[in-house]
Amino acid sequence: MSEQMERTTEQERLTEEIERTRAELGRTVHALTEKADVPARVRRRGGELAGQARAAATPQRLALGGAVLALALLALIVRMVRS
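A quick note: this is a predicted structure, and the numbers were derived from the prediction, not measured. (Residues numbered from 1 in each chain as written. Predicted model: local features only at pLDDT ≥ 70, side-chain atom pairs only at ≥ 80, totals over all residues. Heavy atoms only, no water.)

S.K.: In this structure, what is going on with the pattern of salt bridges? I would like to understand it.
M.R.: For side chains bearing opposite charge, pairing can occur when the charged atoms are close. Taken as a whole and judged by the stated rule, the model has four salt bridges. For the salt bridge of R13 with E10, the shortest nitrogen-to-oxygen distance reads 2.7 Å. Of this pair, R13 and E10 both sit in helix 1 (residues 3-36), separated by three residues, roughly a single helical turn. Judged by relative accessible area, which is 40%, R13 ranks as partly exposed. On the accessibility criterion, E10 (37% relative accessible area) is partly exposed. The partner of R44 in a salt bridge is E34, with the nearest N and O atoms 3.5 Å apart. One end of the pair, R44, is in helix 2 (residues 38-82); the other, E34, is in helix 1, and 10 residues separate them in sequence. Given a relative accessible area of 41%, R44 falls into the partly exposed group. (Salt bridge = Lys/Arg side-chain N within 4 Å of Asp/Glu carboxyl O. Helix = DSSP H or I, 4+ residues; strand = E, 2+ residues; numbered from the N terminus. Buried < 20%, exposed > 50% of the residue type's maximum accessible area, 1.4 Å probe, protein only.)

Spelled out as structure tokens, the structure:
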């Protein structure tokens, strides 16, 4: 292989390595920025907790609604029997 081709190949390899390093550095900077942005992390976590609370409350609401419906039916039946 000629010296010119070896230099070109070496330059291409270095260019690719620089591009990979830049991409990795960009991901690292982004991760550090995310970690340092405490207000955004608090808002995000607050939204997650609110969603979990809403999801947890749904079975309780259904149970309460069922209990209210059962009491209403019971009251209706008692009223019909007494009439």
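Now that the structure has been shown, we can carry on.
S.K.: Explain the packing of helix 1 against helix 2 here, please?
M.R.: What describes two packed helices is the angle between their axes and the distance between those same axes. Packing of helix 1 against helix 2 brings their axes to within 5 Å, and their N-to-C directions diverge by 75°. If you check the angle between helix 1 and helix 2, you find them roughly perpendicular. Contacts between helix 1 and helix 2 pair E34, K35 and A36 from the former with V38, R41 and R44 from the latter. Of the residues contributing to the contact of helix 1 with helix 2, the split by class is two nonpolar, no polar and four charged. (Axes fitted to C-alpha atoms, helices over the stretch in contact; angles between N-to-C directions. Parallel < 35°, antiparallel > 145°, perpendicular 65-115°, else oblique. Contact = heavy atoms within 4.5 Å. Nonpolar A, V, L, I, M, F, W, Y, C, P; charged D, E, K, R; others polar.)

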